[in-house]
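If you want the building blocks of each chain, they are given just below.
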Amino acid sequence: MSVSSAAHFRRLAAAAGAAMLLAPNLSANDRDAGPALTAVRQKISDPNAVVPSREVQESALIGASTANPLDILVVGGGATGCGVALDAVTRGLRVGLVEREDFSSGTSSRSTKLIHGGVRYLEKAVFNLDYGQLKLVFHALEERKQVIDNAPYMCHALPCMTPCFDWFEVVYYWMGLKLYDLVAGPRLLHLSRYYSLQESVELFPTLAKKGKDRNLKGTVVYYDGQMNDSRLNVGLACTAALAGAAVLNHAEVVSFLKDEADERIIGARIRDNISGRVFDTYAKLVVNAAGPFCDSIRKMAKQDVQPMICPSSGVHVVLPDYYSPERMGLIVPKTKDGRVVFMLPWLGRTVAGTTDSNTTITLLPEPHEDEIQFILDAISDYLSVKVRRADVLSAWSGIRPLATDPSAKNTESISRDHVVCEDYPGLVTITGGKWTTYRSMAQDAVNAAIKSGNLSPTTGCLTQNLRLIGGDGWEPSHFTVLTQQYVRMKKTHGGKVVPVVMDTAAAKHLSHAYGTLAERVATIAQNECLGKRLAHGYPFLEAEVAYCARHEYCESAVDFIARRSRLAFLDTDAANRALPRIIEILAAEHNWDKSRQKKELQKAKEFLETFKSSKNAQFP
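Taking an unreviewed UniProt entry as the reference, the protein chain is identified by name as Glycerol-3-phosphate dehydrogenase belonging to Rhizophora mucronata. Regarding the protein chain, the UniProt comment filed under Catalytic activity (unreviewed entry) reads as follows: "a quinone + sn-glycerol 3-phosphate = dihydroxyacetone phosphate + a quinol". If you open the UniProt record of the protein chain and go to Cofactor (unreviewed entry), you find "FAD".

Peer 1: An account of the overall build of the protein chain is requested, with residue identities and associated values reported.
Peer 2: A tally of helices and strands in the protein chain yields 21 helices and 22 strands. At 24 Å, the protein chain has a C-alpha radius of gyration in line with the 25 Å of a compact globule built from 620 residues. Dimensions of the protein chain, computed from C-alpha atoms along their principal axes, come out at roughly 70 × 70 × 50 Å. Looking at the protein chain as a whole, 56% of its 620 residues qualify as buried. Across the protein chain, contacts joining residues at least 24 apart in sequence account for 73% of those joining residues at least 6 apart. When the accessible area of the protein chain is evaluated, it comes to approximately 25,300 Å², of which 52% is carbon and sulfur surface. For the protein chain, the distance from the average position of its 71 positive side-chain charges to the average position of its 67 negative side-chain charges is 3 Å.

Peer 1: Can you break down the pattern of salt bridges residue by residue, with the values?
Peer 2: If you walk through the whole model with that rule in mind, you get 32 salt bridges. For the salt bridge of Asp503 with Arg488, the shortest nitrogen-to-oxygen distance reads 3.3 Å. Pair noted here: Asp503 is in the loop between strand E22 (497-501) and helix H15 (504-514) and Arg488 is in strand E21 (residues 487-491), with a separation of 15 residues, a long-range link. In this structure, the salt-bridge partner of Arg581 is Glu584, at a minimum N-O distance of 3.2 Å. With Arg581 and Glu584 both in helix H20 (residues 572-590), this residue pair falls three residues apart, about one helical turn. Arg581 sits in the partly exposed class, given a relative accessible area of 27%. Exposure remark for Glu584: the relative accessible area of 46% places this residue in the partly exposed category. One connected set of salt bridges, linked through shared partners, spans Arg54, Glu58, Asp272 and Arg277.

Peer 1: Describe the nonpolar core, with residues and values.
Peer 2: Core analysis: the largest hydrophobic core is formed by 139 residues, its most contacted members being Cys155, Leu232, Tyr514 and Ile561. For Cys155, the contacting residues outside a window of four places in its chain are Ile115, Val147, Ile148, Gln226, Met227 and Leu232. One finds Ile372, Leu376, Val387 and Ala395 within the second-largest nonpolar core, a separate group that totals 27 residues.

Reading the values: rules and limits
Residues numbered from 1 in each chain as written. Predicted model: local features only at pLDDT ≥ 70, side-chain atom pairs only at ≥ 80, totals over all residues. Heavy atoms only, no water. UniProt positions renumbered as here; feature names shortened; annotations may be inferred. Helix = DSSP H or I, 4+ residues; strand = E, 2+ residues; numbered from the N terminus. Rg over C-alpha atoms; globule rule 2.2 N^0.38 Å. Buried < 20%, exposed > 50% of the residue type's maximum accessible area, 1.4 Å probe, protein only. Contact = heavy atoms within 4.5 Å. Areas by Shrake-Rupley, 256 points an atom, 1.4 Å probe, with all protein chains shown as cover. Lys, Arg positive; Asp, Glu negative; His and termini not counted. Charge placed at Lys NZ, Arg CZ, Asp CG, Glu CD. Salt bridge = Lys/Arg side-chain N within 4 Å of Asp/Glu carboxyl O. Core = buried A, V, L, I, M, F, W, Y, C linked by side-chain atoms within 4.5 Å.

And the structure:
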C-alpha cells in the first residue's frame, strides 16, 4: 500500500472516531414518544386487526372535501410514498395515498435487495477526505439498522465476500472494511474478517481459485442487510392502512385541483383504473413521491418545470441456487472495466447484477440482451462453474431516480442522496435516495409538508422504532409453530381432499413473508383446502393468493406473481405455469367473470415477457 493511501486511512480513521462521538442515538426518540407510540403500536399489532377494504379506502378519499380535506395526499406507492403515508398518519395527520399501478410496482420491487450501509461512500470519503460522504455513511448505517429492526422477518444480515487476487487488495479491502466496522459502531451487524484461499473455497464452493493470469490469495467478508423489497413495501402500505391512512392502488392522478384565488394545489382528480370511476379528493398539501415519474407529476402542476430526474437502469439476472451458497454473497468492487458486480443468494436462487447505466424512463423497463450477457461474462471471471445463458430463470431492469435539486445553482450535479423541494405551491416533491434510507426520506418529506401546509401533527416522527405489520413478537423460530400446529389440506386430481404436512420449507417461507400473520395464511391453507403449492420447486401456497386478495390489496394476477409472491422475479417459466390457478383463486375472491379472467391471463403473460429468462429471450 502506498504511503499516501495509508495516510488517507489514518486521517479518516481519526475523523471517524471523532464523528462517532457526535453520532446521535436515535433510539432516544422512542422513549420521548411515550403514549403516542404505544397507541400506534397497539393498533398495528392488534391480532384481530384487518386492513380496511379497498372500497372503504376509496370512500375515505372521496369524502375528503374542501370543507374537510386530508392533511396530506401522497402520490406514489413505492417505498418512499408508503413511508411518507406511514410517517404522516402516525403523527396524527389525516392521510391519503394513491398509486397508478400497484404498491412497489416500479423501482421499489426491482432493487438489488440489499439494505446497504454505504461502503462505497466510505471509499470516496477516504480518498477525497470528504466529511459529507462520511455523514452519508453514518446516515445509511443508522437507517440500515432501523429497516432490519422494524421488519425483522423480511430482513436479515448477509455476509458478502470480496475476492482478492494480490496481497495489496487483501490489505486494502481488509483495512477499508475494518474502517466500515469502526464507523458502524453500535449499528454493526457482524465484524468483517479475512479468509484464506482454502477457507474461502469452503465457504463459497463455486469461487474460482484462478482467474485470467492471476491467482486468488483470499477473501474479505463483510456484512450488509438483505430484504424482500416488494413485500416490505406492501407491508409499509398495509401498516399505514392499519394506522388510519386511506391507501389506494390502481388509482391514478389525472390532474391537480387548484385554488382559483392563488393557484395553490388543493387536491387531485383521481381515476380508479379498476372500476374506471373518476373522483376528486382534497388535501391541504400533496406530496409527490412518484419515483422516476415525479417530473411528469410536477408537469401537471407547471408545464415548463425544470426536470429533476436523471434516470439510471440496473439490470439483474436470476440463476439457479447452485451458483452461490445459501448464506454468502459475492461482491467485486472493481471489475476489469471498473464496474461493480455482485452475486447474492435470494429466496432460494441467485441474483446477479452490476452498477447502473443511463437509460430512458418507461413504465415497464426491459433488460437488453447485451446487458444480460455482460453480467454473465463478468461473474464467469470469478466462478469455477460454467455460466450459461440457458440457466437464466428471470432477468429484469429497474429505473433508479437519481435527482438534481432544481433550486441548486449547479444543476449538473447529480445527488446520490435524496432531494426534497416545493417548486409549486402546495406540492412537495421527494425523490432520489435509495431503499435503505426510505424512512428518513419520508421523515424529511413530512417535515417539509407540515411546514408548507401549516399542518398540526399531534406528535413527532414515530417511525424510527415502529415495527411493521407482522413484526411485533416475531422470532426466527416462529416457523416451528406453523409446522407443529397446522397441516396443508389440498385437493387431488380426483377431487379428494387430503392432508399434507406443513413442511419446513413452506413454514419458513410463510414466516419470513408474513411474520406473525403467517398463521392466518396457514389457517386458510388448512380450512379452505388451499394448501397446494402453486409451482413445483417453490414454497408458495394457493392460500397466499386468497390471503393477499383479502388483506393485502392484491387486485390482479400481476400484483401476486410480482409483488405479493416473487415468482415472476425468481422464475418466469414457473410463474407462467402457475397463472391459471392464481387467476382461478383471484376470480373467486373478486367475483371476476370469464372476460376479466381472460384479460388477466393476457396481461400477466405480456408482463412476464419483459423478464428475459432463457425461455423467452430473443437470442441474436
